[in-house]
Amino acid sequence: KALAWFERAWSIGPSANVLDRLVFALVALGRLEQAYDRVAAALTEQAVADLEATQLAGALHLVWPYWHQGSDLSGLAPDRLAKAMLPVADGLFQANQGGLAQEAYEKILLYEASAFVHARLGHIHRFGGSFSKALGHLQAAVELEPDNATYQGLLGNMLLMTGEIEQGLGQLRAAVGHDPGNAELHSSYLFSSHYLPDQDRLAQFDERRHWGQRHAARSLMFKTPNRDLDPWRRLRIGYLGADFRQHSVGYTFAGVLTGRNRDEVEVYGYGSVAQADAMTEQFRQLFDVYHDVYSLDDLAVAHLIERDQVDILVAVAGHSFGHRLKVLAYKPAPIQVDYGAINTLGLEQVDYRITDCQLDPPESQPFFLEKLVYLPTGYVCYCPPGEISVPGTSPVENNGFVTFGCFNGAQKTNPRIMELWGRILRAVPQSRLLIKCPGGDDAAIRTRFTDALGQAGVESGRVTVCGLLAQNQHLELYNKVDIALDTYPFNGCVTTLEGLWMGVPVISLVGPM
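In this numbering scheme, every chain counts its residues from 1 along its sequence in written order. The predicted nature of this model means local features are confined to residues of pLDDT at least 70 and side-chain atom pairs, given and counted, to a pLDDT of 80 or more, with totals for whole chains, interfaces and linings taken over all residues. Excluded from the side-chain calculation are hydrogens and water; included are all heavy atoms of the structure.

Now for unusual backbone geometry. Going from Y488 to P489, the amide bond is cis rather than trans, its omega being 10 degrees. Note that P489 resides in the loop between β11 (483–485) and α20 (494–501). Despite not being glycine, Q309 has its phi angle at roughly 55 degrees, a positive value. Secondary structure is summarised from DSSP: a helix means a run of H or I of at least four residues, a strand means a run of E of at least two, and numbering begins at the N terminus for each. Within the element layout of this structure, Q309 appears in the loop between α15 (298–307) and β4 (312–316). Residue Q309 is classed as partly exposed on the basis of its relative accessible area of 28%. At K331, a residue that is not glycine, the phi angle is positive and equals roughly 45 degrees. The residue K331 is located in the loop between β4 and β5 (335–339) in this model. With a 1.4 Å probe rolled over the protein chains alone, any residue whose accessible area is under 20% of its type maximum counts as buried; one over 50% counts as exposed, and the rest are partly exposed. K331 gets classed as buried once you look at its relative accessible area, which sits at 17%.

Given below as structure tokens:
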């Protein structure tokens, strides 16, 4: 649709700006040759005088002949190549054309070492499942710019995803040290610290309180606004989050909205969703009022919530990626609540935490700034995806041996849990272990698991590791598992619920080890 509109704009009034937008639309569709032809035609027809006023169009016109003809770019000076190729690579990256963007970025590295380009390639390989390559590029980025906190943070998170927990946390800690004002990096460190066993609870509490003091000072709070005190009106509850989409949080939050009392409560959604999907649209329909706040800054979001006269503001999913917790610093609603975080938020402006006795026993109250409010059963309300897979028979009946399984990420595993799994497999003769995790198709990730379990006395032939699958295939895979093994100390959540939904019993370690 965008391409059609730009084509129409070009027919009405050709200009360098319209040409750039037209070219970007073609690039976003992966039609590089067509985009180049369009630029060449614009010059031939003198629709634009020159390409100096363009960005992507001019860059593509310069590099495409070299790229297209045997991928030989030696005819361009290195500095000119980097300057010309980078907008093309970035355009492809922004358009989610990962394969073409990777090719373009790799050509730049042939002629120029660039931390930025290595970081972009790290991102592409990470989401493509090639964790080893992603790790290599991010290490190169940090080597080129060792004081760059952003690259340190990316490397730290990548190390975590490959199971190198202590190294990953060390990089994140260093990143926070280089950029102490970066709330997102600090949150990433807080969230990730739960992967490591034997954490000091009081130290964790102090670190989270420090986050609040540093990034969400009480001095930011709005003055108490005038409110509609009519006791007969519906209560206005606002939900603020980044995961109103196809995400584990989405699968455990939708039920909160569908199960509400519509006569007593109206709900407002404030979604900071980077890439909306079909599930985002479903959420939009579940809210009485929905605002897309991704492009708004924190103060603007706070003012919006205040104008909506929300009575209770609920922050969904705590310090997870993309959160907007700094909005709560302004206290735009009289009552503010945490729902779904894995620890205290660390903000004095948050009044309550919705939880249950299993997650936060009453004796844990001293480690929370929020007052703990207990639901009588579990606080999680799991909604399976629309395409429901049917549980099959237990595979032991056909295989003749027990298959254990764990579908959590590698960052939730550690030497202690590997040793525990090893003891379980040694105690059950001929048993197998099926592991599914992001990056599981990467040979290095598979080797990490087999080596660690080998040290625990489990032969590599008894361990199968696979990577990400489509949602329906993911659920179907549970039909190959007899018993699911949980991780510790960072337990599974949706993976546990999915296993139970598919009829697979789950063994968890509960409480302090």
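On to the sheet that holds strand β2 (residues 265–271), then. Sheet strands pair via backbone hydrogen bonds, and the direction of the pair is either parallel or antiparallel. At least two DSSP bridges between two strands are required for those strands to pair. Taken in spatial order, the seven strands make up an open sheet running β3-β2-β1-β4-β5-β6-β7, and their pairing is parallel. Each edge of the open sheet is held by one strand with a lone partner, namely β3 (289–292) and β7 (371–374). Averaged over all neighbouring strand pairs, the angle between strand axes comes to 25 degrees, with direction disregarded. Only the contacting stretch of a helix is used when fitting its axis, a line to C-alpha atoms as for every element, and angles between N-to-C directions run 0 to 180 degrees.

Most of β2 sits inside the fold, with seven of its seven residues counted as buried. Both faces of β2 are covered, namely the face carrying V265, V267, G269 and G271 and the face carrying E266, Y268 and Y270. Assignment of crossover handedness uses the view with strands pointing away from the viewer, where a clockwise path from the first strand over the helix to the second indicates a right-handed crossover. You can see the chain leave strand β1 (residues 235–241), run along helix α13 (residues 248–258) and come back into β2, and the turn it takes is right-handed.

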